Amino acid sequence: MAVGSLLALGMLAGCGRAPSTSAPAGAIKVTASACGTGWQHPAAGVQTLQIHNAAPSAVEVTLVDAYNGAVYARVEGVGPGTTRAMPVDVGSGAYTFECGGSTYGNRTGPTVRVPGHVRGGPAIAPVSVSEMSAAVSQEAAYVQNGLATVARQTATLEAQIRAGDLAAARVTWVTAHMSWEKLGSAYGMFGPYDDEIDGTPFGLADGVKDPAFTGFYRLEHGLWHGQSAAEMISPANTLAVDVRSLVTSYPGMALLPQLALSDLALRTHEVLENAMQQQLSGEDDFGSGTTLATVAAGIDATRAQLGFLHPLLVTRYQNLAALYRWLNRLQVLVDAEKTARGWTPVSELTTQQRENLDAAAGETVQLLALVPPLFEADPNS
């Protein structure tokens, strides 16, 4: 197993495997008064530590460098009386366990020294407040500028529909929707505005005819299904008003730096994962055949988000070069489907084209999945 994969596995250990209710021999124990005791005969190498919780409440246990706090592995949600596996690649050095929980509090265990001169796996260095602030402030400025662009474009879209120029409105719709998708919204980034501006009719009682179906996709359905300008004036106005309202509201949606950084890292993975599920599949095509344009915008969003995180990733993520190679390959494949006639609908792709896109997207998303654990926010901080 690659070291980067081992580290990610260690960070996420305990999420899927059924826990043991009895402490195995040699387990590292957490009690009501002590954290991470009982590491017998510590030695270097790839290994699986067993973390047993003898405390009366659930805990999160993290193995860190005793000197700089860099994280080697973490297990979450270790319930009372249960044991979780913690895979880790331990080198020579000094280590300690940190334990925390909503009702457990926060404790640090004794320092454990691994003898010798063996190099272990990489650790995730803690992110400073200034590093967090730099990344999230850059993203906030990017989103604010992007929202201003979307506001101008949706105002133009409304004006064109009011004037009855539906041919021009179709062109503007694609441009404005791509500008929206470049913002990188996922995980409820914009709260209820996400559904109002970019929601689908799935789950609504009357589907595309439901009054609750609003936003870009509502207009896409109308513009490419023969609706008149009169039928679309109200939805166009609603979209423009919602976007302007979001422009005003967005600064007040700011999270604390650690949570904002964690959210940014999550969305860096989620944007293209959503694109695979909803755009490459054609699920979110409501008539324009431009889901590949949405994928292209998602790639732009992912690049921007990786850019904000780049100073932090270069020292924390060993697969960064591979990630960019696959992202570049995906972009080349997607861009090839923009022709003089417009974007190729996914329904018109050949089997080979679809397989190539799916393979590149799948590999890219898999590599992106290793980014969020590097910046996971501590819920107890």
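For the structure, check the block above.
Here is a short report on the structure shown in this document. This is a predicted model, so every value here is computed, not measured. (Residues numbered from 1 in each chain as written. Predicted model: local features only at pLDDT ≥ 70, side-chain atom pairs only at ≥ 80, totals over all residues. Heavy atoms only, no water.)

Thoughts on the overall build of the protein chain
Then, number 1: Regarding its fold elements, the protein chain presents ten helices and ten strands.
Then, number 2: If one aligns the C-alpha atoms of the protein chain with their principal axes, the spans along those axes are about 80 × 45 × 40 Å.
Then, number 3: In the protein chain, the proportion of contacts linking residues at least 24 apart, taken out of those at least 6 apart, comes to 72%.
Then, number 4: Charged side chains in the protein chain number 22 positive and 34 negative. The centres of these two groups are separated by 6 Å. (Helix = DSSP H or I, 4+ residues; strand = E, 2+ residues; numbered from the N terminus. Contact = heavy atoms within 4.5 Å. Lys, Arg positive; Asp, Glu negative; His and termini not counted. Charge placed at Lys NZ, Arg CZ, Asp CG, Glu CD.)

Some details on the pairing of strand E2 (residues 45-53)
Then, number 1: Across three bridges, the pairing between strand E1 (residues 28-30) and E2 is parallel. Its bridge partner lying in E2, lysine 29 is registered against histidine 52.
Then, number 2: By the bridge criterion, eight bridges tie E2 to strand E5 (residues 83-90) in an arrangement that is antiparallel. Residue threonine 48 lies in a different strand from E5, and its bridge partner there is proline 87. (Pairing = 2+ DSSP bridges.)

Concerning the nonpolar core
Then, number 1: Ile161, Trp180, Phe190, Leu261, Leu313, Tyr317 and Phe375 are the most contacted members of the largest nonpolar core, which totals 75 residues.
Then, number 2: Not counting chain neighbours up to four residues away, the residues in contact with phenylalanine 375 comprise Val127, Leu261, Ser262, Ala265, Leu309, Leu312, Leu313 and Arg316.
Then, number 3: Counting residues in hydrophobic clusters, the runner-up holds 25 residues, among them Ala73, Val75, Tyr95 and Phe97. (Core = buried A, V, L, I, M, F, W, Y, C linked by side-chain atoms within 4.5 Å. Buried < 20%, exposed > 50% of the residue type's maximum accessible area, 1.4 Å probe, protein only.)

Structural notes on helix H9 (residues 320-335)
Then, number 1: Here H9 contains 16 residues, and its C-alpha end-to-end distance of 22 Å stays within 8% of the 22 Å for a straight helix at 1.5 Å per residue.
Then, number 2: Of all the residues in H9, the buried ones are Leu320, Ala322, Leu323, Leu327, Leu330, Gln331, Leu333 and Val334.
Then, number 3: Summarising the contacts, the buried residues of H9 are in contact with helix H7 (257-279), helix H8 (291-313), strand E9 (338-339), strand E10 (342-343) and helix H10 (351-368). (Expected span 1.5 Å × (residues − 1).)

Points about the packing of helix H2 (residues 129-162) against helix H6 (residues 229-249)
Then, number 1: Running from N to C, H2 and H6 cross one another at 160 degrees; their axes reach a closest spacing of 9 Å. By the angle class used here, H2 and H6 are roughly antiparallel. For H2 against H6, the interelement crossing comes out left-handed. Here Leu147, Val150, Ala151, Thr154, Leu157, Glu158, Ile161 and Arg162 of H2 come into contact with H6, specifically with Ala229, Met232, Ile233, Ala236, Asn237, Leu239, Ala240, Val243, Leu246 and Val247.
Then, number 2: In terms of residue class, the contact of H2 with H6 is made up of 14 nonpolar, two polar and two charged. (Axes fitted to C-alpha atoms, helices over the stretch in contact; angles between N-to-C directions. Parallel < 35°, antiparallel > 145°, perpendicular 65-115°, else oblique. Left-handed = near helix turned anticlockwise from the far one by under 90°. Nonpolar A, V, L, I, M, F, W, Y, C, P; charged D, E, K, R; others polar.)

Focus: unusual backbone geometry
Among all residues save glycine, negative phi is the norm, and among peptide bonds the norm is trans.
Then, number 1: One non-glycine residue, histidine 41, lies in positive phi territory at about 50 degrees.
Then, number 2: Of note, histidine 41 is situated in the loop between E1 and E2.

As for the sheet that holds E2
Then, number 1: Strand order across the open sheet formed by three strands is E1-E2-E5, with mixed pairing between neighbours. What marks the edges here is a single partner per strand, and that holds for E1 and E5. The mean angle between the axes of side-by-side strands here comes to 30 degrees, regardless of whether they run parallel or antiparallel.

A word on the state of the cysteines
Then, number 1: Taken as a whole, this structure holds one disulfide when the rule is applied.
Then, number 2: Each sulfur in the disulfide pair cysteine 35 and cysteine 99 lies 1.9 Å from the other. Measuring the twist about the S-S bond at about 80 degrees, one finds the cysteine 35-cysteine 99 disulfide to be right-handed. On the criterion of sequence distance, the pair formed by cysteine 35 in the loop between E1 and E2 and cysteine 99 in strand E6 (residues 93-101) is long-range, its members being 64 residues apart.
Then, number 3: You can call cysteine 35 buried: its relative accessible area is 3%.
Then, number 4: On the basis of relative accessible area, cysteine 99 is assigned to the buried category, the value being 3%. (Disulfide = S-S within 2.5 Å.)

Observations concerning H7
Then, number 1: Over its 23 residues, H7 extends 31 Å from the first C-alpha to the last, a length consistent with the 33 Å expected when each residue adds 1.5 Å.
Then, number 2: Its maximal kink placed at arginine 267, H7 deviates by approximately 25 degrees. (Bend = angle between axes of the 7 residues up to and from the residue.)

Observations regarding the packing of helix H3 (residues 166-181) against helix H5 (residues 216-223)
Packed helices, taken two at a time, are described by the angle their axes make and the gap between the axes.
Then, number 1: Running from amino to carboxyl end, H3 crosses H5 at an angle of 155 degrees, the nearest separation of the two axes being 11 Å. By the angle between their axes, H3 is roughly antiparallel relative to H5. In this structure, the crossing between H3 and H5 has a hand that is left-handed. Residues Leu166, Ala169, Arg170, Trp173, Ala176, His177, Trp180 and Glu181 of H3 pack against Phe216, Tyr217, Leu219, Glu220 and Leu223 of H5.
Then, number 2: In the contact of H3 with H5, the residues fall into nine nonpolar, one polar and three charged.

Concerning the packing of aromatic side chains
Then, number 1: Under the criterion given, the structure shown has twelve aromatic pairs.
Then, number 2: Their ring planes at 75 degrees and their centres at 6.4 Å tell us that tryptophan 173 and phenylalanine 216 sit as a pair that is edge-to-face. Within this pair, whereas tryptophan 173 is found in helix H3, its partner phenylalanine 216 is found in helix H5, the two being separated by 43 residues in sequence.
Then, number 3: By relative accessible area, which is 1% here, tryptophan 173 ends up buried.
Then, number 4: Overall, phenylalanine 216 belongs to the buried group, its relative accessible area being 0%.
Then, number 5: On the numbers, 5.3 Å between centres and 45 degrees between planes, the contact of tryptophan 180 with phenylalanine 190 is tilted. Linking tryptophan 180 in helix H3 with phenylalanine 190 in the loop between H3 and helix H4 (193-198), this pair joins segments that are ten residues apart in sequence. A single burial state applies to tryptophan 180 and to phenylalanine 190, both of which are buried. (Phe/Tyr/Trp six-rings, centres within 6.5 Å; stacked < 30°, edge-to-face > 60°.)

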